[in-house]
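Structural features, examined
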Amino acid sequence: MAHKIQELLQIMARLRDPDKGCPWDLKQDWASIAPYTIEEAYEVADAIEQGDCDELKAELGDLLFQVVFHARIGEEQGRFDFDDVVDAICEKMIRRHPHVFADVRYADETALKAAWEAEKALEREQKKQDASVLDGVASALPALARADKLQKRAARVGFDWPDASGAMDKLLEELREVQAAVDAADPEALRDELGDLLFAAVNIARLLGVDAEQALRRGNSNFETRFRLMEKLLHAQGHEDLKQLDLVALEQAWEQAKNLEKEKNE
């Protein structure tokens, strides 16, 4: 295993060699490759969702390469190298799991989770004197995932609905405020109110134990599947250009596609 990691590090070093390296790799920095890192993480998630183990293996390799790329830039700047990255995560995992690596016992899973969160909070406080419970929620996260994390952080100090019913009432309130912004023809207010509406929807999902990001991904997938089936149905009926159809015809085909999909899944 160690020699394979070393081989990967050597490949990365060659790609960044000032004389013999790849021009594209040489001109990259942390900021320029960050979007690729995020993209690779999404491709890992997609492979998992598709249940494709071969693809997952390949995508995990791509994600590992991103870690090596970032570490190489850090090494060139004399700040840290790959070993430092590994040392940091090893130290963190050992520190956060005293019930595994030290003689610490917790009464139940709830106590274990509380200790985990307390340790993370201590780490944040040590990094900043003006620490907030919201510190550490990465701004680069997808908006739905970040909303979920922000809400969970706020809930730790009791700023939360006791159940989903309060969040549902809030959603209706936000929907009314969206309508008010529409009626006022105020684009800036509309943007803000739509943001509040989506944030409230994430709150409902969280309180019901549903991951909002995964739920929307599933919703996207369902829409895509049904829309493609609708296209096939209409093409089979001789409608090659869907733009020539009115909304009534499109909705009828959409309902037909939904019924066919339901029959297939039964």
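Residues numbered from 1 in each chain as written. Predicted model: local features only at pLDDT ≥ 70, side-chain atom pairs only at ≥ 80, totals over all residues. Heavy atoms only, no water.

1. Regarding the environment of A13
Along the chain, the position of A13 falls in helix 1 (residues 2–15). For A13 and F69, which are 56 residues apart along the polypeptide, the C-alpha to C-alpha distance reads 8.9 Å. (Helix = DSSP H or I, 4+ residues; strand = E, 2+ residues; numbered from the N terminus.)

2. Some points on the packing of helix 11 (residues 212–236) against helix 12 (residues 247–265)
Direction vectors running N to C along helix 11 and helix 12 enclose 115 degrees, while the axes themselves pass 8 Å from each other. Accordingly, the angle class assigned to the pair helix 11 and helix 12 is roughly perpendicular. Crossing of helix 11 against helix 12: the hand is right-handed. Residues F223, T225, R226, F227, L229, M230, L233 and L234 of helix 11 lie in contact with helix 12, whose contacting residues are L250, A253, W254, Q256, A257, K258, L260 and E261. Partitioned by chemical class, the residues of the contact of helix 11 with helix 12 number 11 nonpolar, two polar and three charged. (Axes fitted to C-alpha atoms, helices over the stretch in contact; angles between N-to-C directions. Parallel < 35°, antiparallel > 145°, perpendicular 65-115°, else oblique. Left-handed = near helix turned anticlockwise from the far one by under 90°. Contact = heavy atoms within 4.5 Å. Nonpolar A, V, L, I, M, F, W, Y, C, P; charged D, E, K, R; others polar.)

3. Quick look at unusual backbone geometry
Even without a glycine there, the phi angle at A185 is positive, about 50 degrees. Inspection of the secondary structure puts A185 in the loop between helix 9 (164–183) and helix 10 (187–207). We classify A185 as exposed; its relative accessible area is 63%. (Buried < 20%, exposed > 50% of the residue type's maximum accessible area, 1.4 Å probe, protein only.)

4. Structural notes on the pattern of salt bridges
Scanning all chains against the criterion turns up 16 salt bridges. A salt bridge links E75 to R72, with the nearest nitrogen and oxygen atoms 3.6 Å apart. On the criterion of helical spacing, the pair formed by E75 and R72 is a turn pair, its members being three residues apart in helix 4 (residues 53–76). For E75, a relative accessible area of 41% corresponds to the partly exposed category. Look at R72 and you get partly exposed, because its relative accessible area is 22%. Here D103 ties to R105 by a salt bridge, and the two come within 3.8 Å at their closest N and O atoms. The residues D103 and R105 share a single accessibility class, namely exposed. One connected set of salt bridges, linked through shared partners, spans R16, R72, E75 and E76. (Salt bridge = Lys/Arg side-chain N within 4 Å of Asp/Glu carboxyl O.)

5. Some remarks on a nonpolar patch on the surface
On the surface, I94, V100 and F101 cluster together into a nonpolar patch covering about 310 Å² of accessible area. One can find F101 in helix 6 (residues 98–101). (Patch = residues over 30% accessible without salt bridge, like charges linked within 9 Å, V, L, I, M, F, W, Y side chains within 5 Å. Areas by Shrake-Rupley, 256 points an atom, 1.4 Å probe, with all protein chains shown as cover.)

6. Looking at the nonpolar core
With eight residues, the main nonpolar core is built from L8, M12, I33, V68, F69, A71, I73 and F82. Listing elements by their share of this core, those giving two or more residues are helix 1 and helix 4. In terms of residue count, the dominant contributor to this core is helix 4 (four residues). Each residue touching V68, except ones within four places of it in the same chain, is listed here: L8, L9, M12 and F82. (Core = buried A, V, L, I, M, F, W, Y, C linked by side-chain atoms within 4.5 Å.)

7. Regarding the packing of aromatic side chains
Overall, the coordinates contain five aromatic pairs when judged by the stated rule. Relative to W254, the ring of F223 lies with its centre 5.4 Å away and its plane at 40 degrees, an arrangement referred to as tilted. Taken together, the residues F223 in helix 11 and W254 in helix 12 connect sequence positions 31 residues apart. The partly exposed category is assigned to F223, whose relative accessible area is 46%. Members of the aromatic cluster, joined through ring pairs, are F223, F227 and W254. (Phe/Tyr/Trp six-rings, centres within 6.5 Å; stacked < 30°, edge-to-face > 60°.)

8. Description of the side chain of D148
Among the secondary structure elements, D148 is positioned in helix 8 (residues 143–155). On the basis of relative accessibility, which here comes to 10%, the residue D148 falls in the buried class.

9. A word on a negative patch on the surface
Residues D52, D54, E55 and D62 make up a contiguous surface patch of negative charge. With respect to the helices, strands and loops of the structure, E55 is situated in helix 4. By relative accessible area, which is 36% here, E55 ends up partly exposed. (Lys, Arg positive; Asp, Glu negative; His and termini not counted. Charge placed at Lys NZ, Arg CZ, Asp CG, Glu CD.)

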